[in-house]
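Here is how the chains run, residue by residue.
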Amino acid sequence: MVAVVPLHQDMAAIYQTYPTEFRSYYIPSSGYMKLVSMGQEDFWADLIFIWSVQYFDRYGSSVRDEYLFHTFDVITDLDPRFYEAYIFGDLFLSLDKRWDLIYKLADKGLAKNPGNWLIAWDAGTYAFFQAKNYPMALKFFATALRRNPGNSMLKDLVANAYKYRGDYRVSLRYWERLKKEHENQDNDQSRFFVMAADRNIWDLTIKIDLRALKTSVFAFKRAKGRFPDSLRELLQAGFIEKLPRDPDGHSYAYDPKTGRVWSVTPYKFKGKYAEW
Amino acid sequence: MTNPVLMSAQVYAIGKNTFKEAVRSRVFYILLAFAICLLLFSYVLGFLAVGTIRKVVLDVGLSTISYFSAMTAIFVGIGLIYQEIEKKTIYNILSKPLPRSHFLVGRCLGLMSVLLVNLMAMMAVLSAVLVFVGGFTPRIFEAAFFIYLELMILTAVALFFSSITSPVVSALCTIAFYLIGHTSSALPDLLLPNITSDFGKRAILIIYHLLPDLNMLNINNLVAYNIPVAAGFTWRAVLYTGLMVSILLLAAGLAFKRRDLV
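Residue positions are given per chain, counted from 1 along the sequence in the order it is written. Chains carry letters from A onward and ligands carry numbers from 1 onward, assigned in written order. With the structure being a predicted model, the display of local features is reserved for residues of pLDDT at least 70 and the display and counting of side-chain atom pairs for 80 or more, all residues being used for whole-chain, interface and lining totals.

**Q** For this particular structure, what's the right way to read the overall build of chain B?
**A** Numbering of helices and strands runs from the N terminus, with a helix taken as a DSSP run of H or I at least four residues long and a strand as a DSSP run of E at least two residues long. Regarding its fold elements, chain B presents 12 helices and zero strands. Order of helices (α) and strands (β) in chain B, N terminus to C terminus: α-α-α-α-α-α-α-α-α-α-α-α. Just to be clear, the radius of gyration here is over C-alpha atoms, and the globule rule we use is 2.2 Å times residues to the power 0.38. Taken against the 2.2 N^0.38 rule, which gives 18 Å for 262 residues, the C-alpha radius of gyration of chain B at 20 Å falls within 12% of a compact globule. Viewed in the frame of its principal axes, chain B has a C-alpha envelope of about 60 × 55 × 35 Å. Evaluated residue by residue, chain B yields a buried proportion of 37% over its 262 residues. Put simply, 82% of the contacts in chain B that link residues at least 6 apart link residues at least 24 apart. Counts of 20 or more other C-beta atoms within 10 Å of a residue's own C-beta define buried residues, counts of 12 or fewer define exposed ones, and intermediate counts define partly exposed ones; C-beta atoms are placed from the backbone. A pair of residues counts as a contact when their C-beta atoms, built from backbone coordinates, are separated by no more than 7 Å.

Right, dumping it as structure tokens:
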């Protein structure tokens, strides 16, 4: 006993010097786990999930995400229907901004659960709100909407994803449809969707018109070597079919020196919400 | 020609005696106590899982019942015949006008009754825990039915080995059967991708179909996610179990008939 205590202290001191990156628990591969689980794969999926929730931040930072992904990969191999594993896996991976691994885990969940839309929605929110990867967000929101076609929240998200991706016309169509679905309903949620649709339709109409006018102005310049004197000259020269007016009925303003076109009517969205 | 009424009475008497003997076994109560503790502990585990308490209780509960029931079937079953021979009480029984096969069937049915009572006790505890967490579903009894089918096969296997060899070898062989039964389903997935020849692929599939696949009798995942069992699967599972048990009892009967008990 006299020798054991100092020996234990020495060993503990040596252990503390090991790099923290490798002070990790190893989860075996899913093939191995399936064999040793003796048919009780759900049970082992639950145990590994409980362990991962308690210890997900134990790994050293340089290996954390690969080990985390491996852990949730094994859990979802053992129980592919374990929805919470996909959600929490995405959550933990988002802490280190590993969007690539989030998308990979979500794609796996969607392939193994053809009816589940929540996994797509969850991954889409990371892509949209945090990664600001709008094409990826659109992919996931569109998948969620295909699997749950009646969900207005998903339509709202898809419309926003199109908007932020720059597909103003498609986004406008979604907002118009959403408004039509809810304008005759008398509840808080419908009122919210109608308000959101109105604001988006307003701003998108202006943006679509400005884009069309800018394209025509610069097409005129390429053809004639100068900017048009007015927007009416664009119409007369056949570079535009008709001159649009903004949602308030005003004409769009134009500077013939710079070719700049803008709206005198303010946008509905202000500040950071207008950054699209 | 054996009188069926007499046969039934003999089998019933052996079975009843086996039941009484098994419920006095220490192994039976130790395993049951461990299982109940683990079932109650599943409630605690559920809290650690963040929002999936019902699923964890269900998974841990059904797995515990499956594992411990299987252990009971194996460790009580391996001594079914051997103990009678060791204690020399079998001479007294077989000196009566009782065919050896009736004795085997009686022992088998007796153990199956014990396992049924054991299963019902554990299901009662699991039901109580599920009611407590607000996640009770009557489909757990459907899962229990399939667990019982697996236990019937394990009982017949344990009885077969018990009738031909000592408890140690009998335990090893029955456990090996259990392991093979729960890992054989991985055989095609593991080996087929690495085999290019058609002959090789067919051989693997034949071996797989000849080996028992006890994983097929596990519907815990379907119950956890409230997915119905495919139409026609239940009667096929019952038929599969019936055939396996019949073949094993037949083999046990033939082996035991030839066995010199002196």
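**Q** Hey, could you run me through the environment of Leu109 of chain B in this one?
**A** Along the chain, Leu109 of chain B turns up in helix H6 (residues 100-133). Among the residues examined, Leu109 of chain B registers 18 C-beta atoms within 10 Å and is labelled partly exposed.

**Q** When you look at the interface of chain B and chain A in this model, what are you seeing that I'm missing?
**A** A common way to express how large an interface is: the accessible area buried when the components associate. Counting from both sides, the interface comprises 23 residues of chain B and, opposite them, 16 residues of chain A. Secondary-structure elements contributing two or more residues to the side of chain B that touches chain A are helix H2 (26-48), helix H3 (53-77), helix H8 (167-183) and helix H11 (220-224) of chain B. Sorting elements by how many residues they give to the side of chain B that touches chain A places H3 of chain B first, with seven residues. Considering only residue class, the side of chain B that touches chain A consists of 11 nonpolar, 10 polar and two charged. Following the grouping adopted for this structure description, the nonpolar residues are Ala, Val, Leu, Ile, Met, Phe, Trp, Tyr, Cys and Pro, the charged ones are Asp, Glu, Lys and Arg, and the polar ones are all others, Gly among them.

**Q** Looking at this structure, how should I read unusual backbone geometry?
**A** Comment: phi is negative for the bulk of residues other than glycine, and the bulk of peptide bonds are trans. Residue and element names in this part refer to chain A. Positive phi, normally seen in glycine, also occurs at Lys97, with a value near 60 degrees. Residues other than glycine seldom take positive phi values, yet Lys132 does so here, at roughly 55 degrees. Tracing the sequence through the fold places Lys132 in the loop between helix H7 (118-130) and helix H8 (134-147).

**Q** Quick question: what am I supposed to make of the environment of Val74 of chain A here?
**A** All names here are of chain A. Tracing the backbone shows Val74 in helix H4 (residues 61-78). It is 9.8 Å that separates the C-alpha atoms of Val74 and Tyr32, two residues lying 42 residues apart in sequence. With sequence-adjacent residues up to four places away left out, Val74 is seen in contact with Ile27, Ser29, Ser30, Met33 and Ile48.

**Q** How should I be thinking about the domain arrangement of chain A in this particular structure?
**A** Residue and element names in this part refer to chain A. Domain segmentation is taken from an automatic or database assignment of domains. Splitting chain A by domain gives domain 1 (15-149) and domain 2 (154-276). Placing the centre of domain 1 and that of domain 2 at their C-alpha centroids yields a distance of 40 Å. Of the residues lining the interface, 12 residues belong to domain 1; the matching set on domain 2 comes to eight residues. The biggest single contributor to the side of domain 1 that touches domain 2 is H8, with eight residues. Residues belonging to the side of domain 1 that touches domain 2 are distributed by class as follows: 10 nonpolar, two polar and no charged.

**Q** What exactly am I supposed to notice about the nonpolar core here?
**A** Generally speaking, a soluble globular protein has its nonpolar side chains buried in company with each other. Buried Ala, Val, Leu, Ile, Met, Phe, Trp, Tyr and Cys residues form a nonpolar core when they are connected through C-beta atoms within 7 Å. Of all hydrophobic cores here, the largest spans 115 residues; its most connected members are Phe141 and Val158 of chain A. At 16 residues, the largest contribution of residues to this core is made by helix H7 (residues 139-162) of chain B. For this core, the domains that each give at least three residues are domain 1 (15-149) and domain 2 (154-276) of chain A. For Val158 of chain A, the contacting residues outside a window of four places in its chain are Leu138, Phe141, Ala142, Leu145 and Tyr174 of chain A. Formed by nine residues, the second largest nonpolar core is a distinct cluster that contains Val217, Leu234, Phe239 and Ile240 of chain A.

**Q** Is there a simple way to think about the packing of H6 of chain B against helix H12 (residues 233-258) of chain B in this case?
**A** Pairs of packed helices are described in terms of their axes, by the angle between the two and the distance that separates them. Residues and elements named next belong to chain B. The geometry of H6 relative to H12 is characterised by a closest axis approach of 9 Å and an angle of 135 degrees between their N-to-C directions. When the axes of H6 and H12 are compared, the pair comes out oblique. Pair H6 / H12 crosses with right-handed handedness. Packed against H6, whose contacting residues are Arg100, Ser101, Leu104, Val105 and Cys108, the element H12 presents Leu249, Ala252, Gly253, Phe256 and Lys257 at the interface. When its residues are assigned to classes, the contact of H6 with H12 shows six nonpolar, two polar and two charged. Where helices are involved, their axes are fitted lines through C-alpha atoms of the stretch in contact, as for all axes, and angles between N-to-C directions lie from 0 to 180°. Angle categories are assigned with fixed cut-offs, so that under 35 degrees is roughly parallel, over 145 is roughly antiparallel, 65 to 115 is roughly perpendicular, and the rest are oblique. The sense of a crossing depends on the near helix, which, turned anticlockwise from the far helix by less than a right angle, makes the crossing left-handed and, turned clockwise, makes it right-handed.

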